[in-house]
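So the chains spell out like this:
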Amino acid sequence: MNIFDQFVIPPSQEHVGLLTVMQIISLLTFLPFAGIMLGASSFSLFFNSKGKRSGNPLYTQIAKDIIDKLIVGKAAGFALSVLPMISIVLVYAQMLNGAKVITVSMLFLSLILFIVGYVFIYNYKSAFQFEHILNAAKKDEVSDEVKSYENKIVYMGARYGTWGIFVLLVSMFLFTSGVTLASKPGIWNSVDNILKLIITPSIWVNFAYFLSSSAAITGGAILYFFFVWQGGVRPGYTEYNEAIKKFSIITALVGVLVQPLFIFANVLFLKAANASSGVYVFAGLSLLAVLIISNLLYHIYKNSEINFSGIVFFLIFVLFAFTIIKDQLMFRNAAREHLIVLNMKAEELAQEKSGSIVQVSAADGEKIYSEKCIACHRFDQKVVGPPYQETVPKYSGDLKKLAGFIYNPQKVNPDYPAMPNQGLKQKEAEAVAKYIMDKVGKK
Ligand code: HEC
């Protein structure tokens, strides 16, 4: 039982469309932000320890600049990550209302951990700034007291950074699990705890996909914010600029170039239930974006055409958008049956409210059959549609599911044309489903 089920109402058909749009916008805000946050803190920590080890202040400078430029102010960060995340949890809670799946709990846990990681990373950022103020103040003589204070801050800062990255990784793993699971109704029942998430390969594929996207967008963001935006961070400082340029191009390039692997894996193992032409179109568009981005990155690398980095950064966002839309389409396709049941519930609630509930008895089921279905269906012989005796037993007594098909028919058997929607009310669909099921059962 999901606690969220008590707070949300089942969405109607139009409502589901709106929720999907909201979901795409929220994901397109949250995922790039989370990717940059994770990437920037990892790279900063990496350069920081490299600086400490080699004693080269250039690296420490890079470490500080990355975190300064790429991690936006606390309030803006909150608006760009935690708020859309809350909205994502709520939308899934609505779409998966009543479903036996741990998606919403996992997303909620991920949200809590994300906030913890977020606080750690901002502490890391502050410790950094502190260290530099201290450095500036101690120009000539340094008392032991200041020295021990400095060591403490350096130690704490690195600690916050490491923990922050770890917690963010766990949070994003849970987030990926929740979203991946939502698109796989076949395993909703079996994958019901965190241990089982860890042994589900498709979750790891999507998680690796997120990590590569994180590298790509962080590399793109460094290129853009260090070299183009407001004239660059340290124009004229050649050694610094060469080091950071090479690093960010390679990171972005590797991050982008491994993506086709995941896109192919995703599409090749696509279940029929998730597929639709839209999914293939957006997978294709993603591949196209990968091609253009890697070409541009190569150009920047070879010819120092750093001005391309604005376009690269923008195109990585577009790549995110394509992938997110593809994933949401896959989710909608996969959860189709569940969503139809929800739509029916919503209609029922709306009718209850307006007091127009119609009582439909079993006799009406027979009447509807002989008025609307008999033209194409008999029980034991093929007309335009298949005989009920062949198709109905497959529902093994699941009246809701059969009514769901009659209410909103989907393509099933390639040997037949698609069944046109008969425009029945949800109650009518249930009545005729009951009539058919009873009659098939008796024979
Ligand atoms: C214009 C013709 C037509 C009408 C009218 C029609 N159907 Fe169908 N029906 C079909 C066709 C064609 C199929 C096969 C669709 C497929 O396999 O994709 C089908 C399939 C079905 C199936 C099998 C679904 C499955 O999972 O294999 C059921 C059940 C069904 N119809 C019930 C009904 C009911 C109930 C009505 C009346 C309310 C109705 N149909 C009206 C043409 C029709």
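**Q** How do you make sense of the domain arrangement of the protein chain when you look at a structure like this?
**A** Accessible area lost when the parts come together is the quantity often used to give the size of an interface. The assigned domain composition of the protein chain is domain 1 (3–339) and domain 2 (358–442). Distance between the C-alpha centres of domain 1 and domain 2: 47 Å.

**Q** What should I look at first to understand the nonpolar core in this one?
**A** Side chains that are nonpolar tend, in soluble globular proteins, to be buried together. Formed by 119 residues in total, the largest nonpolar core has its most connected members in M37, Y92, L223 and V432. When residues in this core are grouped by element, the largest group, 14 residues, is from helix α7 (residues 201–227). Looking at which domains feed residues into this core, each of domain 1 (3–339) and domain 2 (358–442) gives three or more. Beyond its immediate stretch of four places on either side in the chain, M37 contacts I71, I121 and L168.

**Q** Looking at this structure, I do not really get the site of the ligand. What am I missing?
**A** Taken together, the neighbourhood of the ligand is formed by 25 residues, with C373, C376, G385, N413 and M419 sitting nearest. Counted by class, the shell around the ligand contains 18 nonpolar, five polar and two charged residues.

**Q** In this structure, what is going on with unusual backbone geometry? I would like to understand it.
**A** For residues other than glycine, phi is negative in most cases, and the peptide bonds are mostly trans. Although it is not a glycine, S396 adopts a positive phi angle of roughly 30°. Looking at where S396 falls in the secondary structure, it is placed in the loop between α14 (388–391) and α15 (399–407).

**Q** Could you clarify how one ought to interpret the confidence of the model for the protein chain in this entry?
**A** When pLDDT drops low, the exact placement of atoms in the prediction is not to be read closely. Taken as a whole, the protein chain shows an average pLDDT of 86; of its residues, 94% reach a score of 70 or greater. At the level of individual helices and strands, the protein chain shows its lowest average pLDDT in helix α12 (residues 336–354), which scores 77, and its highest in α7, which scores 93.

Definitions and cut-offs
Residues numbered from 1 in each chain as written. Predicted model: local features only at pLDDT ≥ 70, side-chain atom pairs only at ≥ 80, totals over all residues. Domains from an automatic or database assignment. Core = buried A, V, L, I, M, F, W, Y, C linked by C-beta atoms within 7 Å. Buried ≥ 20, exposed ≤ 12 C-beta atoms within 10 Å, placed from the backbone. Helix = DSSP H or I, 4+ residues; strand = E, 2+ residues; numbered from the N terminus. Contact = placed C-beta atoms within 7 Å. Near = placed C-beta within 6 Å. Nonpolar A, V, L, I, M, F, W, Y, C, P; charged D, E, K, R; others polar. pLDDT = per-residue confidence, 0-100.

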